[in-house]
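Summary of the model geometry
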Amino acid sequence: MSTLSPPPRPTPPSASPQPPNPISLRLYKVLAASFDDDATREAIRTLSDLYIAPPAKGKEVRRDDDADLDDADELDVPARAQAKPGGRGIDEAAATAVVARARKNLRRDVDTMLAASSRKFLAAFGEVDKQLDILQEHIGTMRERCDEAQTQLRQTSDACRTLLDRAGSLREERHEVAMRQNIVSLFLARFTLSEDEKEAITSRDVPVGKRFFAAMDRAEKIRDDCRVLLSGADVQPTAGLEITLATSALLEQAYDKLFRWCCAEFRLMARDTQLDASPALREAVRRLQQRPELLTEALAHLAQTRESALLAAFTGALTRGGVGGLPRPIELHAHDPLRYAGDMLAWVHQALAAEREGLEGLFGVAGRRRMVGAVRTREGPEEAWMSEMLDRAVGGLGAPLKVRVMQTVRSQESSITSYKLANLLQFYMLTMQRTIGEDAVLSRTLQELTDASYKAFFDAIDALGRALLRAPLDLDDHSVSPPLAILDHAQVLREIMAVYESSLLGDESAEEQTAGFRAILDRLVDPALEMVPAAAEAKQRQRPRWDGTVFVLNTLEYLLGVLEPFAWTQEKQEVVKGRIAGVVAQLTEEHYNTILRDAGLDEVAAALESRQPDEPLSRVPAAQAGRLQQALDAFSGWLSGAGVVHAERLAAVDARRVAGDVHSAALGRVAETYGRLCEEVRRAENRYEAGATLLGGSRPFGQVHLLWQIFGLEGGAAA
């Protein structure tokens, strides 16, 4: 490849520039070309394969006889050049000859090779053309055979066309008949009962259960679907009428079977203490609600059965007790009236609750949660039936309950026990009224028992009031404390108020609480308020030295203390407080007069009140200077004694607060009287000589504020 390397580029002369030589330019362009790209390398590789090196020594070059002589000579030049003896110089000469030859005859050699390749392709395609001619002959033969088969098929189709038309019409008729058959089958399946379903409704051997209810549902659906047939106006509704009549007859038989089965099941419930309905019975009752007259008649049997069962169970609980003797018979507690009546009422209430629960299960009504004693809402026909059933079932318990409770109420002598019984009966009466209604037999019975028990209670407390008014005071008793009759009476009142407070539900207003106990307070407190002053006055007439005023005050304070713990006694407390205020005012007046007498100022004070308006005070005998000086000296001595801070009479008052108030009020009036006396003595119109000297000779030296301080009355001192 050394011969192909470009020669060194000649350096242009440095002389004056000459126009460029085209050959130089062409040479420079060739020499400047790059042979590193893939396309150029591939072209050179192809050219080297075209002018391949000559074969090895001893191998002759094969000549093509058909080739042109000049071409053979040209192509064999390298071979001849290499065949010459010699060394390395001979090979280079052969290569140089090949290169020169390639430069000269490259296009012609390429065209020669392309022509040789084309001749080979023509020979190959000639063979292919021969085979295609043979294939064309086979295809023509096949087309002839197909034409013959198509002709035969057309002739056969023409011959079978009539048969195919007949078969098509038969196929359409068969499809129409099958469709009609399906319609008739669907109609019969929808609008008629199967034999198995008819047997479930009419046969007595088939029990009431899922099979029977499924047949009834099927008959109900058929009857509802028949309305569509009866609503058609363009056709005669014969089928709809017939199906409706037949289905209605079967449904009537089904309802009659349900009615007879329910009656039989209800009669069997007499042996059960509690009403427990099976799912089939609940479903039967639900379906019988479509026939109210049948259900009412069936429930009448159930009510009679349950009434007998509950009455027998109640009698057994009274006399025999529970299974194995536990719980014990209720009659064993007849000596305890509250427990006896409470056990009977609790048993009736529990039986009513169990019966209510059983009826809710029977009618399929979910029991709503409600508080004990809350009013039960009655909505829907089921509630009406259940209320009537409960009334009839537990109504039979009213007679034995009434007899025993009335005996218990009439045999009581204690008013507290009578009141507890009345409250107990009232509680159960309200509970029954809110559960089964006010018009129920048991509610009316409990209303009568409650009224009778309250009447007995009011008769008892009226007797207590009359006995209290007749009770005399002990003449030998010198104490001023409440008498034993008042203490006993107040104890009864306290216990009755405690019972009333425990019976409140908590949702009553203050007015309702007060109104509920007003009549009892009037019957128990008013006799005490009437008895105390009358008895005190009667005793004081026989014992003048006995302090009746303090006695009345102590008794009224004790009654007030009994009433104060209960807020709903506020009205009666105000009445008692009014009585106490009157007694306190009387006691204050008496204590004031006692202090004036003890202090020596009674005559002077009387003179101040009794003198004429235009008469000088010094001219009144009791208020002359000498007697006034003696009174002031006595008053000064009294101020140094214990009477200022302590009054022997008020020590007997049980209420220390009231005693202190009475003493302070009396001392205040004494201070006011002394102050008025000082003013009158200082006035010139009263004609006292040296009035200030007269007042200043004894404590409190005419200083009213000093007297207020001695008494410990700060308000008056400040004034």
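For the structure, check the block above.
Now for a description of the structure that goes with this document. (Residues numbered from 1 in each chain as written. Predicted model: local features only at pLDDT ≥ 70, side-chain atom pairs only at ≥ 80, totals over all residues. Heavy atoms only, no water.)

1. Brief notes about the overall build of the protein
Counting secondary structure elements, the protein contains 25 helices and zero strands. Here the protein, with 719 residues, has 35% of them falling under the buried criterion. Across the protein, every contact between residues at least 6 apart in sequence was considered, and the portion connecting residues at least 24 apart equals 72%. Roughly 43900 Å² of accessible area belongs to the protein as shown, and the carbon and sulfur atoms make up 55% of that amount. (Helix = DSSP H or I, 4+ residues; strand = E, 2+ residues; numbered from the N terminus. Buried < 20%, exposed > 50% of the residue type's maximum accessible area, 1.4 Å probe, protein only. Contact = heavy atoms within 4.5 Å. Areas by Shrake-Rupley, 256 points an atom, 1.4 Å probe, with all protein chains shown as cover.)

2. Points about unusual backbone geometry
Note: most residues except glycine have negative phi, and most peptide bonds are trans. In this chain, arginine 699 is followed by proline 700 through a cis amide linkage whose omega measures 5 degrees. Looking at the element boundaries, proline 700 is found in the loop between α23 (691-695) and α24 (704-711). In this structure, phenylalanine 701 takes a positive phi of about 65 degrees despite not being glycine. Inspection of the secondary structure puts phenylalanine 701 in the loop between α23 and α24. By relative accessible area, which is 41% here, phenylalanine 701 ends up partly exposed.

3. A word on empty space enclosed by the protein
All chains considered together, the criterion is met by one cavity of 30 Å³ or more. Residue lining of the largest cavity: Thr296, Leu299, Ala300, Ala303, Trp385, Glu388, Met389 and Arg392, and that is the complete set. Those elements that provide at least two residues to the lining of the largest cavity are α10 (292-319) and α12 (381-395). Class assignment for the residues of the lining of the largest cavity results in five nonpolar, one polar and two charged. (1 Å grid on protein atoms, 1.4 Å probe; cavity = no way out; pocket = protein on both sides within 12 Å on 5 of 7 lines; lining within 4 Å. Points joined across faces, edges and corners; volume = space filled by probe spheres on them. Nonpolar A, V, L, I, M, F, W, Y, C, P; charged D, E, K, R; others polar.)

4. Comments concerning a nonpolar patch on the surface
Nonpolar side chains collect at one region of the surface, where Phe121, Phe125, Val128, Leu132, Leu135 and Ile139 lie side by side and expose about 600 Å² of accessible area between them. The topology assignment puts leucine 132 in helix α5 (residues 88-191). (Patch = residues over 30% accessible without salt bridge, like charges linked within 9 Å, V, L, I, M, F, W, Y side chains within 5 Å. Salt bridge = Lys/Arg side-chain N within 4 Å of Asp/Glu carboxyl O.)

5. Some thoughts on the environment of leucine 250
As for its placement among the helices and strands, leucine 250 is situated in helix α8 (residues 238-268). Placed 57 residues apart in sequence, leucine 250 and leucine 193 show a C-alpha to C-alpha distance of 9.7 Å. Those residues within four positions of leucine 250 in sequence are excluded, and the remaining contacts are Leu193, Lys198, Ile201 and Thr202.

6. Some remarks on the pattern of salt bridges
In this structure the tally under the stated criterion is 33 salt bridges. Between arginine 286 and glutamate 283 there is a salt bridge, and its shortest N-O distance comes to 2.4 Å. With arginine 286 and glutamate 283 both in helix α9 (residues 279-288) and three residues apart, the pair spans about one turn of that helix. Measuring nitrogen to oxygen at the nearest pair gives 2.9 Å for the salt bridge that ties glutamate 355 to arginine 306.

7. Let's talk about the packing of helix α14 (residues 415-436) against helix α16 (residues 484-503)
The interhelical angle for the contact between α14 and α16, taken along N-to-C directions, is 10 degrees, at an axis separation of 10 Å. The orientation of α14 with respect to α16, classified from their angle, is roughly parallel. Between α14 and α16, the contacting residues are Ser415, Ile416, Tyr419, Lys420 and Asn423 on the first element and Val492, Glu495, Ile496, Val499, Tyr500 and Ser503 on the second. In terms of residue class, the contact of α14 with α16 is built from six nonpolar, three polar and two charged. (Axes fitted to C-alpha atoms, helices over the stretch in contact; angles between N-to-C directions. Parallel < 35°, antiparallel > 145°, perpendicular 65-115°, else oblique.)

8. Concerning the environment of glycine 240
Mapped onto the secondary structure, glycine 240 falls in helix α8. On the accessibility criterion, glycine 240 (2% relative accessible area) is buried. Distance in space between the C-alpha atoms of glycine 240 and phenylalanine 191 is 9.0 Å, their sequence separation being 49 residues.

9. Notes on the environment of cysteine 263
Position of cysteine 263 among the secondary structure elements: in helix α8. By relative accessible area, which is 4% here, cysteine 263 ends up buried. Separated by 34 residues in the primary sequence, cysteine 263 and glutamate 297 have C-alpha atoms spaced 8.6 Å apart.

10. What to know about the side chain of serine 415
On the secondary structure map, serine 415 appears in helix α14. On the basis of relative accessibility, which here comes to 8%, the residue serine 415 falls in the buried class. The contact partners of serine 415, leaving out residues within four places of it in the chain, are Phe457, Ala460, Ile461, Leu464, Val492 and Ile496.

11. Examining the packing of aromatic side chains
Aromatic ring pairs: the centre-centre distance and the angle between the two ring planes describe each pair. Within this structure, the stated rule accounts for 16 aromatic pairs. With a centroid separation of 4.6 Å and 35 degrees between ring planes, the pair formed by tyrosine 419 and phenylalanine 457 is classed as tilted. Taken together, the residues tyrosine 419 in helix α14 and phenylalanine 457 in helix α15 (residues 441-470) connect sequence positions 38 residues apart. Each member of the pair, tyrosine 419 as well as phenylalanine 457, is classed as buried. One aromatic cluster is present, formed by Tyr419, Tyr454, Phe457, Phe458, Tyr500, Phe517, Phe566 and Trp568 through successive ring pairs. Its guanidinium or amino end placed over the ring of tryptophan 546, lysine 539 lies 4.3 Å from that ring's centre, counting from NZ or CZ. Positioned above the aromatic ring of tyrosine 592, the side-chain terminus of arginine 669 is 4.1 Å from the ring centre. (Phe/Tyr/Trp six-rings, centres within 6.5 Å; stacked < 30°, edge-to-face > 60°. Lys NZ or Arg CZ within 6 Å of the ring centre and 35° of its normal.)

12. Let's talk about helix α17 (residues 510-542)
For α17, built from 33 residues, the straight-helix expectation of 48 Å at 1.5 Å per residue is met to within 8% by its first-to-last C-alpha distance of 45 Å. At arginine 518, α17 shows its maximal kink, close to 45 degrees. (Expected span 1.5 Å × (residues − 1). Bend = angle between axes of the 7 residues up to and from the residue.)

13. Thoughts on the side chain of threonine 555
Relative to the helices and strands, threonine 555 resides in helix α18 (residues 548-563). From its side chain, threonine 555 meets the backbone oxygen of phenylalanine 551 in a polar contact 2.8 Å long. Those residues in contact with threonine 555 that sit more than four places away from it in its chain are Pro482, Pro483, Ile486 and Val532. (Polar contact = N/O pair within 3.5 Å; in protein donor to acceptor, adjacent residues only side chain to side chain.)

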